[in-house]
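Tertiary structure, described
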Amino acid sequence: MKLPIYMDYQATTPVDPRVLEAMLPYFTERFGNAASRNHRYGWEAEEAVEKARQQIAALIGASPKEIVFTSGSTESINLALKGAAEMYAEKGKHIVTSQAEHKAVLDVCKHLEQRGFEVTYLQPDKSGRVGVEQVAGALRADTILVALMWANNEVGTLNPVREIGALCHSKGILFFSDATQAAGKLPVDVEADQVDMLCISGHKLYGPKGVGVLYVRRRNPRVRLVAQMDGGGHERGMRSGTLNVPSIVGLGQACEIARVELPAESARTSELRDHLERRIFGELDFVHLNGNREHRLPNNLNVSFAFVEGESLIMGISDVAVSSGSACTSASLEPSHVLRAMQVGEDLAHSSIRFGIGRFTTREELDFAANQVIAAVRRLRELSPLYEMAQEGVDLKSVQWQAPH
Amino acid sequence: MAYSKKVLDHYNNPRNVGSLDKGSSTVGTGVVGAPECGDVMKLQIQVEGDRIVDAKFKTFGCGSAIASSSLATEWIKGKTLDEALAIQNTQIVEELSLPPVKIHCSVLAEDAIKAAIHDYKAKQAGSDDHEARA
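Residues numbered from 1 in each chain as written. Chains lettered and ligands numbered in written order. Predicted model: local features only at pLDDT ≥ 70, side-chain atom pairs only at ≥ 80, totals over all residues. Heavy atoms only, no water.

Right, let's get into the domain arrangement of chain A. Residue and element names in this part refer to chain A. Here the domain parsing of chain A yields domain 1 (5–9 + 262–391) and domain 2 (17–258). With centres defined by C-alpha atoms, the gap from domain 1 to domain 2 works out at 29 Å. Taken together, the contact between domain 1 and domain 2 spans 26 residues of the former and 31 residues of the latter. For the pair domain 1 and domain 2, the interface holds twelve residue pairs in polar contact (both at pLDDT 80 or more). Elements that contribute at least two residues to the side of domain 1 that touches domain 2 include exactly helix H7 (245–283), strand S10 (300–305) and helix H9 (337–341). Residues belonging to the side of domain 1 that touches domain 2 are distributed by class as follows: nine nonpolar, 13 polar and four charged. (Domains from an automatic or database assignment. Contact = heavy atoms within 4.5 Å. Polar contact = N/O pair within 3.5 Å; in protein donor to acceptor, adjacent residues only side chain to side chain. Helix = DSSP H or I, 4+ residues; strand = E, 2+ residues; numbered from the N terminus. Nonpolar A, V, L, I, M, F, W, Y, C, P; charged D, E, K, R; others polar.)

Our next topic: the sheet that holds strand S7 (residues 197–201) of chain A. Residues and elements named next belong to chain A. Taking strand neighbours across the sheet as the criterion, the seven strands line up as S2-S8-S7-S6-S5-S3-S4 in an open arrangement whose pairing is mixed. Across the chains shown, the open sheet's two edge strands, defined by having one partner strand only, are strand S2 (67–70) and strand S4 (118–122). Looking at each pair of strands side by side, their axes are set apart by 20 degrees on average, direction ignored. Looking at chain direction, strand S3 (residues 94–98) and S4 are connected through five bridges and run parallel. Paired with serine 98 across the strands is leucine 122, a residue of S4. Sitting on the sheet, helix H2 (residues 40–60) is in contact with S2, S7 and strand S8 (212–216), with an inclination near 115 degrees to S2. Packing of helix H6 (residues 161–171) onto the sheet brings it into contact with strand S5 (143–147) and strand S6 (174–178), and relative to S6 it is tilted by some 160 degrees. (Pairing = 2+ DSSP bridges. Axes fitted to C-alpha atoms, helices over the stretch in contact; angles between N-to-C directions.)

Looking now at the sheet that holds strand S3 (residues 51–60) of chain B. Residues and elements named next belong to chain B. The strand order across the open sheet built from three strands is S1-S2-S3, with neighbouring strands paired in antiparallel fashion. Every other strand in the sheet has two partners, leaving strand S1 (27–34) and S3 as the edge strands with one partner each. Adjacent strand axes in the sheet meet at a mean angle of 15 degrees when their direction is disregarded. When S1 meets strand S2 (residues 39–48), the two strands line up antiparallel, connected through eight bridges. Residue pairing across strands places glycine 30 opposite leucine 43, the latter belonging to S2. Across the sheet, helix H2 (residues 63–76) lies against S2 and S3, angled at about 170 degrees from S3, the strand it touches most.

Right, let's get into H6(A). Residues and elements named next belong to chain A. Looking at H6, one finds that the buried residues are Val161, Ile164, Gly165, Leu167 and Cys168. All buried residues of H6 project into a common sector of 165 degrees when viewed along the axis, lining one side. Packing partners of the buried residues in H6 comprise helix H5 (132–138), S5 and S6. Of the residues flanking the end of H6, it is glycine 172, one or two places downstream, whose phi is positive at about 70 degrees. (Buried < 20%, exposed > 50% of the residue type's maximum accessible area, 1.4 Å probe, protein only. Arc of directions from axis to C-beta.)

A few words now on the pairing of S2(A). Residues and elements named next belong to chain A. Of the two faces of S2, the one lined by Ile67 and Phe69 and the one lined by Val68 and Thr70 are each fully buried. Relative to S8, S2 runs antiparallel, the two being bridged by four bridges. Among the inter-strand pairings, phenylalanine 69 is bridged to a residue of S8, identified as valine 213.

Another aspect to go through is unusual backbone geometry. Glycine aside, a negative phi is what most residues show, and trans is what most peptide bonds show. Residues and elements named next belong to chain A. Omega for the peptide link from leucine 3 to proline 4 comes to -10 degrees, which places this bond in the cis form. Mapping proline 4 onto the fold places it in the segment before strand S1 (5–6). Although it is not a glycine, phenylalanine 286 sits at a positive phi angle of roughly 50 degrees. Structurally, phenylalanine 286 is set in the loop between H7 and strand S9 (287–289). Classification of phenylalanine 286 as partly exposed rests on a relative accessible area of 36%.

A separate point is the interface of chain A and chain B. Frequently, the measure chosen for interface size is the accessible area removed from exposure when the parts meet. Residue-level contacts link 29 residues of chain A with 34 residues of chain B. Summed over both partners, the interface of chain A with chain B buries about 2600 Å², with 63% contributed by carbon and sulfur atoms. Across the chain A-chain B interface, the total number found is four salt bridges. Those elements that place two or more of their residues in the side of chain A that touches chain B are helix H8 (310–316), helix H10 (346–349), helix H11 (363–382) and helix H12 (385–391) of chain A. A per-element tally of the side of chain A that touches chain B places H8(A) first, with four residues. Of the residues assigned to the side of chain A that touches chain B, the class counts are 13 nonpolar, eight polar and eight charged. (Buried area = accessible area lost by both parts, 1.4 Å probe. Salt bridge = Lys/Arg side-chain N within 4 Å of Asp/Glu carboxyl O.)

Written as structure tokens, this is what we have:
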């Protein structure tokens, strides 16, 4: 067993060896520029890119022509939101999103607000989910775009994408969904789910870092975007720049593997996740699930351990690589905006840990991790004045805390 | 974030963890911080004459907060109340090599020492009054 055990699969994933193998020739003997039309080197590269386009399209039920290569989800989000806002500004200047979105979406929305757009930030329910009625209630005559993620990166909660897609299509409003965490983990079908734009990132599904795609619907409706990167007019003019052929080949291979293995992998990871959840909830008291027990990613578990501070817990489980839901390790000392939007109390938000289970997680690793987490929580609770007070029956909410800092 | 060796040592082997009888007239208790800020320190002292003969702590907080309070108990044991009051957070920062984002942990530890001594003195003043009235 290799230590520390990697359980941060929502942050990134290792490249699958089969993906690496597919990529390697495109660094060396097949190094051509996919835009070179006059020789074999160029043709080979273009052929490889088109094969990848098909593999990616197949994963999400799209047509290969609807796949635009980018450097990853952040760029895809910038292109989708800014590109659509600029293109359709004359139709309206209102956008609907949620407070639990990734910072990439929220920051692009803030940027658009400075450019005269109006943004409604819906508050999710306590499980992190946005309801279709909420979206319906926020739509206006001048709404041009709804941007809501498929699956939340911190708590794994799924939004009702299909219902939101149907609503948007019935009103003629574009629907963008950030599927960075969902693609390859859950069935995604842009036709059935009525999504107009969607982003995928290579490194979240066992492909390389620095490559991703934006799916842009070509029919019913045909989505048009103003390019955010000008140049040689690559990717149907939507994203100029020489294609990163080896990474694109890797992303294609990664999507193909994900499509073929999705049912088995999702069953395996959710079984492991459930095992971890059963152990934590069975062996510790005062534990809270952050997220939605019914609508969630198969490979994510976000838990708050009351009376234990997240950063000290992570320190105590140094053989397990996980993320704290709170950003306490940064200078901001602010708990996560997602947990805050879900109205998780600040005390519990400070105690949250996100466990990510992936393709290479074994049962042995999972039990090792569970043992270490349970032991660390018990030890830190012995140190915790809050746990002592809770056991004495003190209601912590009634205490007058002195917090001058 | 990389922690200093001394922070790791206190985190892994915290000194003087526990509780003293907060009802005792010779025990002073200081509780500082707040759960929503991510740090709560409880520091207790047992006093004989004007000397701290025992100290205990419990801390909810990051590794640096645990280390700061653990170190604080180590330092005040055996000191007089005035000597303990003279301990400054900057000494804790220096001893534990705390980075700037963790300075508030040392401030909290200093506050906890002062709060415990203040509580002890208030108790003594209270019982003196009581005796005086009786």
